[in-house]
Every structure is written in C-alpha cells, then in structure tokens.
Amino acid sequence: PGTLTTKHPSLTIFKGGLSDHNSITNALNVVNVVISVLGNDTRKALFKPSNMISQSLPNIISAMQQGRVERLLFVSSFGVNAKMFWPEKLLLRTLLRNLFTDLPVQEKLIKESGLNWTIVRPARLTNGPKTGECRSGDIYIHPFTSISRADVAAFLLKEAVSSEYQRKVVTISY
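Residues numbered from 1 in each chain as written. Predicted model: local features only at pLDDT ≥ 70, side-chain atom pairs only at ≥ 80, totals over all residues. Heavy atoms only, no water.

## Quick word on the overall build of the protein chain
What the protein chain contains, in helices and strands, is 7 helices and 7 strands. For the protein chain, the sequential pattern of α-helices and β-strands runs α-β-α-α-β-α-α-α-β-β-β-β-α-β. Within the span of the protein chain, comprising 174 residues, buried residues form 39% of the whole. For the protein chain, the share of sequence-separated contacts (at least 6 apart) that also reach a separation of at least 24 residues comes to 71%. (Helix = DSSP H or I, 4+ residues; strand = E, 2+ residues; numbered from the N terminus. Buried < 20%, exposed > 50% of the residue type's maximum accessible area, 1.4 Å probe, protein only. Contact = heavy atoms within 4.5 Å.)

## Quick notes on the confidence of the model for the protein chain
Overall, the predicted model of the protein chain reaches an average pLDDT of 87, with 90% of residues at or above 70. Predicted confidence in the protein chain is weakest over helix α4 (residues 86–93), with a mean pLDDT of 68, and strongest over strand β2 (residues 71–75), with 98. (pLDDT = per-residue confidence, 0-100.)

## Some details on the sheet that holds strand β7 (residues 168–173)
Taken together, the 5 strands give an open sheet; going across it, the order is β1-β2-β3-β7-β5, and neighbouring strands pair in mixed fashion. Two strands close off the open sheet at either side, each with one partner strand: β1 (33–36) and β5 (135–137). The sheet shows a mean angle of 20° between the axes of neighbouring strands, direction not considered. Sheet topology note: the β2/strand β3 (residues 116–122) ladder contains 5 bridges and is parallel. (Pairing = 2+ DSSP bridges. Axes fitted to C-alpha atoms, helices over the stretch in contact; angles between N-to-C directions.)

## Section: the pairing of β3
Counting buried residues along β3, 7 of its 7 residues qualify, which places the element largely inside the surrounding structure. The side-chain alternation of β3 yields two buried faces, one formed by Asn 116, Thr 118, Val 120 and Pro 122 and the other by Trp 117, Ile 119 and Arg 121. Relative to β7, β3 runs parallel, the two being bridged by 5 bridges. Looking at the pairing, Val 120 lines up with Val 170 of β7.

## Observations regarding unusual backbone geometry
Peptide bonds are trans in most cases, and residues, glycine excluded, mostly fall at negative phi. For Arg 68, which is not glycine, the phi dihedral falls at a positive 55°. Checked against the element boundaries, Arg 68 lands in the loop between α3 (52–66) and β2. We note that Arg 167 has phi near 55°; this positive angle belongs to a residue other than glycine. Among the secondary structure elements, Arg 167 is positioned in the loop between α7 (149–160) and β7. Classification of Arg 167 as partly exposed rests on a relative accessible area of 47%.

Right, dumping it as structure tokens:
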C-alpha cells in the first residue's frame, strides 16, 4: 500500500498480508468482485521458484466464500497456454521454468473453488499507454506478442461486469 499513490473515491486500500485470513476477510467485506494481479518478483523468480501465490489462494478463496463474493478475475500468464509451438515451450519450460511452475497449481485451485472465475492470460506485459483495443479468447500468441498493463486493467474492469468469459480461461493481446 505504501507505493500505491492512486486516489479515487471508489478505491479503498487495505494493508495486510496474503497469509492473514482476517485481513483478507476484512478487505473483502464490502466488495462484489476480486481482481487478483498477484505476481512474483521476476528477477528473483528466475533463479528460485515460488509457490507463495498458490499457498495464499486458499485464504483468498475462503475469505471470498465467507463474504459471499462470487466473482474472481485472476491474472495468470500466457506461459501456461497449451497453444504454443515447441520452441516456445522449450524456452518457457527450461530457461524461464521457475516463473511458470506455480501457475498451473494456481489455476487448478481457482477452477475447483466453486467461484465465478475468469483466468486472464495476458501476452508479455509492457508499460505502454491504454489503446482500448485487444484481441481476446482462446487465441494463439507468440512470446513476442505484447499488451500494455493499462489495456489489461481496462479488460479486467470490463470483464468484472461482463458474463462473456465466466468460468473460462481467456488470452488477451494486441
């Protein structure tokens, strides 16, 4: 929360930890949708796998169920997409394997949660501007395809009130 400088009347920032069920339950007390953009520090994860997110998901799911929050939008990665050619799979499963080892576990937990979930797999993230345009669905993307974080955020906000991809995995890119 200390580094988040965005201010908005509809935004409330809660301080807490992913392993603290009470702080998660408190934060979800008055919400309709949870949008999770949790991620690992890429520089650290390149050398050492982390299962922090999959270990924390049961707390988040439990708090959502307890607070009767049914909608979960969860950002994963295109790196677990089955629609990749073998050179891409080789790169992602060897040199970059630590970045992606926990993602299938996370996605499995979400799919089995009973929540109204959408798993979003964006292409390689950039800091570019919001364009308002993106492709979405069960689409093939290559590792050099990208999408700005701003357009991912716009997609998530649109999907929060849409039924188009409920209980589906969706890939987004330019």
